[in-house]
Amino acid sequence: MPIKALQQFTAWSFSRLGDYEKCPALAKYKHLDKLPEPKAPAMQRGIDIHKLAERYATGALKKLPVELKLFADDFKSLKKFAKHLQVEGQLAVDDKWQPVEWFGSAAWLRAVLDAAYTEADRRVVIDYKTGKIRLENMDQLDLYALVVFAHEPTIKIVDAQLWYLDAGELRQRAYTREAMPQIRKTWVARTKKMLADTAFKPTPGNACRWCAFSKAKAGPCQF
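Here the structure is a predicted model, which means the values were calculated and not measured.

### Structural notes on the overall build of the protein
The number of helices and strands found in the protein is 6 helices and 6 strands. N-terminal to C-terminal, the α/β element order of the protein is α-α-α-α-β-β-β-β-α-β-β-α. Taken over C-alpha atoms, the radius of gyration comes to 19 Å for the protein, in line with the 17 Å a tight globule of 223 residues would show. Dimensions of the protein, computed from the C-alpha atoms along their principal axes, are close to 60 × 40 × 30 Å. Scored against the burial criterion, the 223 residues of the protein give a buried share of 41%. Put simply, 59% of the contacts in the protein that link residues at least 6 apart link residues at least 24 apart. Within the protein, the 26 negative side-chain charges are centred at a point lying 4 Å from the centre of the 37 positive side-chain charges.

See the structure below:
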């Protein structure tokens, strides 16, 4: 009788890793089993506002949506790059940190850039955020720098930014290519457990009450 192959992650992203660190079982149900998960109102609102930001920045919308008003000046400046603005850019690297195709079998880390443009040898990468300011989101900027430097060998600086559209705050970090080796080591260490896991044990806690896969919501999890 054939032996069923063990389920295991072979690729990751910031959001996928975040789910795993929250609860390995959640990550399995969501990303490996691909069980349906209803979108919460806040999540759907974020998707809708991202689309508004994309359409305004590229010139598809002429009038600034009210949801973007706290970044009015920033969006007007961004529109100057509309012809060369990359939106929803999909960049992937393999486990040697080399650029690969997004859907390729060698893709190991994937990152989506909400908006990006180049000035001389500087690449500006923007991620739109809705809701509360979360300090852990700053870690995401590392990944933008890693994938941009891999795909664009002439870039010397990556200016990675988080635009908190509801709070009217901009958080950013500037990266040099020379800093990448140490940052890579940090993320290899951080993802090691996730990429080796085949058990995906749940970590029950207060968050189970809102989890779409909990037994309270008729999901597959025992908690």
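That covers the picture; the talk isn't over yet.
### Describing the nonpolar core
Ranked by internal contacts, the top residues of the largest apolar core, which has 37 residues, are Trp12, Leu109, Val158, Tyr175 and Trp187. Among the secondary structure elements, those contributing two or more residues to this core are helix H1 (14-22), strand S1 (86-93), strand S3 (109-119), helix H5 (138-151), strand S5 (157-164) and helix H6 (180-196). In terms of residues, this core owes the most to one element, H5, which gives 10 residues. Setting aside chain neighbours within four positions, we find Trp12 in contact with Leu17, Trp108, Leu109, Arg110, Leu143, Trp187, Thr191, Met194 and Leu195. In this structure, Tyr56, Leu85, Val124 and Leu165 belong to the second largest nonpolar core, which totals 17 residues.

### Let's talk about the side chain of Asp197
With respect to the element layout, Asp197 can be found in the segment after H6. Buried Asp197, no salt bridge; nearest opposite-charge side chain is Lys193, N-O distance 6.5 Å. Excluding residues within four positions of it along the chain, Asp197 makes contact with Gln7, Gln8, Tyr20 and Pro24.

### Looking at the pattern of salt bridges
Applying the stated criterion across every chain yields a total of 14 salt bridges. Lys51 is paired through a salt bridge with Glu54; the nearest N and O atoms lie 3.6 Å apart. Taken as a pair, Lys51 and Glu54 lie in helix H3 (residues 41-57) at a separation of 3 residues, close to a single helical turn. A salt bridge links Lys129 to Asp127; the shortest N-O distance between them is 2.9 Å. Across the pair, Asp127 and Lys129 agree in class, each one buried. In the salt-bridge network here, residues are joined through shared partners; they are Asp19, Lys30 and Glu37.

### Brief notes about the environment of Ala40
Residue placement: Ala40 occurs in the loop between helix H2 (24-32) and H3. In this structure, the C-alpha to C-alpha distance between Ala40 and Ala212, residues 172 residues apart in sequence, is 9.9 Å.

### Description of H6
Under the 1.5 Å per step criterion, the end-to-end length of H6 is 24 Å for 17 residues, consistent within 8% with the ideal 24 Å. The principal kink in H6, of about 35°, is found at Arg190. All buried positions along H6 are accounted for by Met180, Ile183, Trp187, Thr191, Met194 and Leu195.

### Structural notes on H1
Where H1 is concerned, the buried positions are Phe14, Arg16, Leu17, Asp19 and Tyr20. At its buried positions, H1 is contacted by H2, H5 and H6.

What counts and what doesn't
Residues numbered from 1 in each chain as written. Predicted model: local features only at pLDDT ≥ 70, side-chain atom pairs only at ≥ 80, totals over all residues. Heavy atoms only, no water. Helix = DSSP H or I, 4+ residues; strand = E, 2+ residues; numbered from the N terminus. Rg over C-alpha atoms; globule rule 2.2 N^0.38 Å. Buried < 20%, exposed > 50% of the residue type's maximum accessible area, 1.4 Å probe, protein only. Contact = heavy atoms within 4.5 Å. Lys, Arg positive; Asp, Glu negative; His and termini not counted. Charge placed at Lys NZ, Arg CZ, Asp CG, Glu CD. Core = buried A, V, L, I, M, F, W, Y, C linked by side-chain atoms within 4.5 Å. Salt bridge = Lys/Arg side-chain N within 4 Å of Asp/Glu carboxyl O. Expected span 1.5 Å × (residues − 1). Bend = angle between axes of the 7 residues up to and from the residue.

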